[in-house]
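Structural description and commentary
One-letter residues, chain by chain:
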Amino acid sequence: MIAMPILGWLTLSAYGKPIPFFGLELPSLIEKNTELRDLLKEIHEIGGSIGYILLAGHATAGCSIITLKKIIHCCACLFLKINGLQLCVTVNFIRFSI
């Protein structure tokens, strides 16, 4: 998360373009360099792709945990209601009263 803005800053510096930052113009970190700019741009794009993959994986894991907890709760409710029991079911620190 810290490396991506710095890589973007370095990439724009290597292109020789101005670096806008909330209405201000930041100074270039390096001189204009055609070979280095292509490398920095590629690294920046790969880092962005990895970030998107991690974000999607994190969101998917969160949704699957919530879904799994709901499925466990519904199965426990159904089992206990069929057997005529009244209990509290605890699923991963979330307490469900049945």
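This text follows the structure it describes.
Presented here is an overview of the structure given in this document. (Residues numbered from 1 in each chain as written. Predicted model: local features only at pLDDT ≥ 70, side-chain atom pairs only at ≥ 80, totals over all residues. Heavy atoms only, no water.)

**Brief notes about the overall build of the chain**
Along its length, the chain carries two helices and four strands. Each helix and strand of the chain, ordered N terminal to C terminal, gives the series α-β-β-α-β-β. Here the chain, with 98 residues, has 16% of them falling under the buried criterion. In the chain, once contacts between residues fewer than 6 apart in sequence are set aside, the share between residues at least 24 apart is 23%. (Helix = DSSP H or I, 4+ residues; strand = E, 2+ residues; numbered from the N terminus. Buried < 20%, exposed > 50% of the residue type's maximum accessible area, 1.4 Å probe, protein only. Contact = heavy atoms within 4.5 Å.)

**Remarks on the pattern of salt bridges**
One pass over the structure, following the stated rule, counts one salt bridge. Asp-38 serves as the salt-bridge partner of Arg-37, at 3.9 Å between the closest nitrogen and oxygen. (Salt bridge = Lys/Arg side-chain N within 4 Å of Asp/Glu carboxyl O.)

The analysis is restricted to geometry; functional conclusions fall outside its scope.
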